[in-house]
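A closer look at the structure
Each chain, letter by letter, is given below.
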Amino acid sequence: PQVAEISMRIGDVYIELGQHDLATKYFFQALKITEKLKLKSQSAEIYSALSWINKEESNFTIALEYINQSQELWEPINDQYGISNCHRIRGLIYRQLKKYSIAIDELEKSRSIRESIGHLDGLASTILNLSMVYEDQRKFDMALSLRQQAIAIEEKIGNKQSLSGAYNNMANSLIKLG
């Protein structure tokens, strides 16, 4: 399990560096181990990461397959955070596909779960993701309202880094609103 964990963390680093080929290599190394040892939560994390990489590379069909595999692993162990993350990633994929009603539905599922489990940082992030979907549809009033909600949460938890990004996003919405 330690080798799998190390490979997962190396994969995470390569995602941050934008080196998706190397990240994928390390995630698949880890996945071989976690599946052999039947470590469902670690395998689910890896599938989520592989989905994210494929979303970033615009391989949407593969991204959806991986995120569905991740959710199939999270559900039997009732990991609500993992399930909410699957809905969030799936919503972001559908946003990129411009399937906005599906994106909103998925992001609202993520929002609801994160709210119920009290994961405020994730909740704020999901609300910001929702605001971007509304902005894509030129529904700037709704986007602005959602961004204000996200800012209120970020202020409450004192997340200064996310707060600066949220303010930047809100300024962009105000500019588009005219």
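So, a few notes on the structure that sits alongside this text. (Residues numbered from 1 in each chain as written. Predicted model: local features only at pLDDT ≥ 70, side-chain atom pairs only at ≥ 80, totals over all residues. Heavy atoms only, no water.)

So, about the overall build of the protein. When helices and strands are counted, the protein shows nine helices and zero strands. Secondary structure elements in the protein, listed N-terminal to C-terminal, are α-α-α-α-α-α-α-α-α. The globule rule puts the C-alpha radius of gyration for 178 residues at 16 Å, and the 17 Å found for the protein is close to it. Over its C-alpha atoms, taken along the principal directions, the protein stretches across nearly 55 × 30 × 30 Å. Split by element, the accessible area of the protein, about 9,400 Å² in all, is 51% carbon and sulfur. Both charge centroids of the protein, one from 21 positive and one from 22 negative side chains, sit 2 Å from each other. (Helix = DSSP H or I, 4+ residues; strand = E, 2+ residues; numbered from the N terminus. Rg over C-alpha atoms; globule rule 2.2 N^0.38 Å. Areas by Shrake-Rupley, 256 points an atom, 1.4 Å probe, with all protein chains shown as cover. Lys, Arg positive; Asp, Glu negative; His and termini not counted. Charge placed at Lys NZ, Arg CZ, Asp CG, Glu CD.)

Of note, Arg 111 is situated in helix α6 (residues 100-117). Accessibility expressed as a relative area gives 17% for Arg 111, which makes it buried. A polar atom in the side chain of Arg 111 sits 2.6 Å from the side chain of Gln 149. Each residue touching Arg 111, except ones within four places of it in the same chain, is listed here: Leu 123, Thr 126, Ile 127, Leu 130, Leu 146 and Gln 149. (Buried < 20%, exposed > 50% of the residue type's maximum accessible area, 1.4 Å probe, protein only. Polar contact = N/O pair within 3.5 Å; in protein donor to acceptor, adjacent residues only side chain to side chain. Contact = heavy atoms within 4.5 Å.)

A word on the pattern of salt bridges. Applying the stated criterion across every chain, the model contains nine salt bridges. When the shortest N-O distance is used, the salt bridge between Asp 12 and Arg 9 registers 2.3 Å. Highlighted residues: Asp 12 and Arg 9, both in helix α1 (residues 2-16), separated by three residues, approximately one helical turn. Of the residues examined, Asp 12 reaches a relative accessible area of 28% and is grouped as partly exposed. (Salt bridge = Lys/Arg side-chain N within 4 Å of Asp/Glu carboxyl O.)

Our focus in this paragraph is the nonpolar core. Nonpolar side chains in soluble globular proteins tend to be buried together. Judged by nonpolar contacts, the single largest core of 46 residues is most densely connected at Phe 27, Ile 46 and Leu 50. Discounting residues that sit within four places of it in the chain, Leu 50 has contacts with Thr 24, Phe 27, Phe 28, Leu 31 and Tyr 66. (Core = buried A, V, L, I, M, F, W, Y, C linked by side-chain atoms within 4.5 Å.)

Time to look at the environment of Glu 56. When you line up the elements, Glu 56 lands in helix α3 (residues 40-56). The spatial distance from the C-alpha of Glu 56 to the C-alpha of Leu 37 is 29 Å, given a sequence separation of 19 residues.

With 18 residues, helix α8 (residues 140-157) ought to run about 26 Å at 1.5 Å a step, and its terminal C-alpha atoms sit 26 Å apart, in line with that. All buried positions along α8 are accounted for by Phe 140, Ala 143, Leu 144, Leu 146, Arg 147, Ala 150, Ile 151, Ile 153 and Glu 154. Remark: Gly 158 follows α8 within two positions and exhibits a positive phi of approximately 70 degrees. (Expected span 1.5 Å × (residues − 1).)

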